[in-house]
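Chain residues, written in single-letter form:
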Amino acid sequence: MIQMSSGSCIGIATMKPCCRILCNYKSPSIFGFSPTKFNDSAIMGMLSRSGRHNSTHRHKYNTCHTQIVGYIHVINPNRRDFSVSGSNWALSRNFSTSFCVNIGSFRPRVVSLIPHVASDFRNQSTSVDSHAHDTSFEKIYIQSGLNVKPLVIHKIETDQSKLEEVSVERCDQSNVNVDNLKDLSENKVQKEVSEIEKEAWKLLQDAVVTYCGNPVGTVAANDSADKQPLNYDQVFIRDFVPSALAFLLNGEGEIVKNFLLHTLQLQSWEKTVDCYSPGQGLMPASFKVRTVPLDCSNEAFEEVLDPDFGESAIGRVAPVDSGLWWIILLRAYGKLTGDYALQERVDVQTGIRLILKLCLTDGFDMFPSLLVTDGSCMIDRRMGIHGHPLEIQALFFSALRCSREMLIVNDTTKSLVAAVSNRLSALSFHMREYYWVDMKKINEIYRYKTEEYSTDAVNKFNIYPEQIPSWLVDWISEEGGYFIGNLQPAHMDFRFFTLGNLWAIVSSLGTAKQNRGILNLIEAKWDDMVAQMPLKICYPALEGEEWRIITGCDPKNTPWSYHNGGSWPTLLWQFTLACIKMGRPDLAQKAIDSAEKRLSVDKWPEYYDTQNGRFIGKQSRLMQTWTIAGFLTSKMLLENPEKASLLFWEEDFELLQNCVCMLNKSARRKCSRFAARSQFLV
């Protein structure tokens, strides 16, 4: 029997003369964060992290040793653990640890470890229901990291037959809904596919990234002729979403599950910019699988997941949308596979709570919308969207609705669930009342009085009518409308941002009438919004002196290029989903037909330039994965509208009952319940 001190992490050793020892990094907290940064004991009680550090690098990594696969597995024969099936998940967060290891020519061995922990919560089932009142769980992770006794190597298996036997035992202990995930490939939709779809599927498969022998995502672009891939060879959370939906709609859930769990492991690592760490709960913008020598050896290598939280990005901006997309994808995974057990895992529930805690933290802002900096979402460069950009608000609203569905309500989470419901109510009213513009609303703004100080002010944000741009007066249609791009004191950004408006439809952030108005406007302005390649990321483009001031003379965001009015085919799948929800699949089919004529011929570009979308973007990457996946997802959504219905939300009338603007005697707050109700009934 071999013992290791609590200061060491998991090690591998044999009793043979030629033994090699692999030791993870030593730290007072092995979970990748400093627990003292939180005061919320409920959140702290859920935090756990299987951390790992490569001593030759400043950054922290999540690692998995490759080439020969062996398992180190924390098991208890009388308990179900938190691991996923062996074929799907090589490094289950927090509660079971598996390493793929290559040590010279040694055969793989299975080592079973029995941890003597202060609480047996580690070995319980994946549901948090039974632990709602378990205070011992909250005490494990506070103070000086994890309070564990030395790990004891209980048994070393060297026989290959025993290896197979233990591996089977591991799978049997999995908490996965096997009935829904077993042989997903057999349930793939059998249909006649076109040559362009066959090409797209091959390219999507070629873009798959593996980690420890398992698929974990897709690279942003996979152009073999590109000599300077920059960060396009990484797996981005937002970019992977259309890829994930394509796989899920095709009956392939393994890669999506792996992605969700591996990115969850990377959450809240203390990446810093100028010695300052962002808030706990932050999800990385992307990650890359790197292969590095093990212990300075040329014979053994390990794979590490190196996340980027913005410290390497253009402008060094943290990704606000990554955590929101992660929550949305988690819900989609459950809806399309039926594997709701993944949502109920303690580590996944904790991940959701951390993201919500980060987003719902009280600050100086007075609005229910989320305050973010420029470049913190899909528009990842300076484009004048700092403040409360529509894209983030729509995704925020969607993530809140997802969280309310997936959070398990108990004594620990009930206050958080209440906060989510209240924020949904306030955000819904705020967006519908103040971000929406149509001809009627624009005419009201045109007649605004300014410098109104009372609580009865009509012009609450002190908007000056001169802000209404000349292009808008003749551009907006009589029967349509849209949500503006941004709203701040004395500032309304009247640009049409496509992603935010489409996602407002998908999530029912807008009323039924507003949702119809958005599609009516796109149809009426088809030549502007779609033209030869769907869809414009925003309209119109910034030009002249306005472009110089707002973008900082960004040479990539020249007028009608990239994020400044460029055409992005990946927006096609979100347009398709919105059209299906509103009963307008004909519009989606028209856009898909337009894209299908050129995407393959043009080698699947990232974006298109010019006002009509005629030219391939001047700096556009080819074989762009989310362009490929967006096309495939759009086709499958149209062919399977019943599955599409699982991905959008209908109106939630319960929001009316959760009005947070309570009446009081001082009349400093005016309840919006009646105004909100009138919006619902339109």
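Because the structure is a prediction, the values reported are computed rather than measured.

For the chain, the count of helices and strands is 23 helices and 19 strands. Each of the 682 residues in the chain was classed as buried or not, and the buried ones make up 60%. Considering only contacts within the chain whose residues lie at least 6 apart along the sequence, 74% involve residues at least 24 apart. For the chain, the exposed area adds up to about 28300 Å²; of that, 52% sits on carbon and sulfur atoms.

Within strand β13 (residues 301–308), 7 of the 8 residues are buried, which leaves the element mostly enclosed by the surrounding structure. The pairing of strand β12 (residues 286–293) with β13 spans 8 bridges and is antiparallel. Bridging across to β13, valine 292 finds its partner in glutamate 302.

All told, the structure shown has 20 salt bridges when counted by the stated rule. A salt bridge links glutamate 405 to arginine 331, with the shortest nitrogen-to-oxygen separation between them at 3.0 Å. Taken together, the residues span a long stretch of sequence, with glutamate 405 in helix α11 (residues 390–406) and arginine 331 in helix α8 (residues 321–337) at a distance of 74 residues. For arginine 331, a relative accessible area of 6% translates into the label buried. Here aspartate 347 makes a salt bridge to arginine 345, at a shortest N to O gap of 2.6 Å. The network of salt bridges with common partners includes Glu523, Arg584 and Asp586.

Taking burial as the measure, the 7 residues of strand β16 (residues 491–497) include 6 buried ones, the bulk of the element. Examined bridge by bridge, strand β15 (residues 481–488) and β16 share 4 bridges and lie antiparallel to one another. The residue bridging glutamine 488 from the neighbouring strand is histidine 491, located in β16. What sits between the antiparallel neighbours β15 and β16 is a turn of 2 residues, in which alanine 490 has the positive phi angle 60°.

Cut-offs used in this document
- Residue positions are given per chain, counting from 1 as you read along its sequence in written order.
- Restriction of local features to residues with pLDDT of at least 70 applies here, the model being predicted, together with a cutoff of 80 or more for giving and counting side-chain atom pairs; totals for whole chains, interfaces and linings are based on all residues.
- Where side-chain values are given, they derive from all heavy atoms of the structure, hydrogens and water being excluded.
- Under the DSSP-based scheme used, a helix requires at least four consecutive residues in state H or I and a strand at least two consecutive residues in state E, with every element numbered from the N terminus.
- Residue burial is assigned from relative accessible area. The probe radius is 1.4 Å, only protein chains are included, and a residue is buried under 20% of its type maximum, exposed over 50%, and partly exposed in between.
- The contact definition used throughout considers only heavy atoms, calling two residues in contact when any of these lie within 4.5 Å.
- Only the protein chains shown count as cover for residues, with accessible areas throughout obtained via the Shrake-Rupley method and a probe of 1.4 Å.
- Two strands form a pair only when DSSP identifies at least two bridges running between them.
- By definition, a salt bridge exists where a carboxyl oxygen of Asp or Glu is found within 4 Å of a side-chain nitrogen of Lys or Arg.

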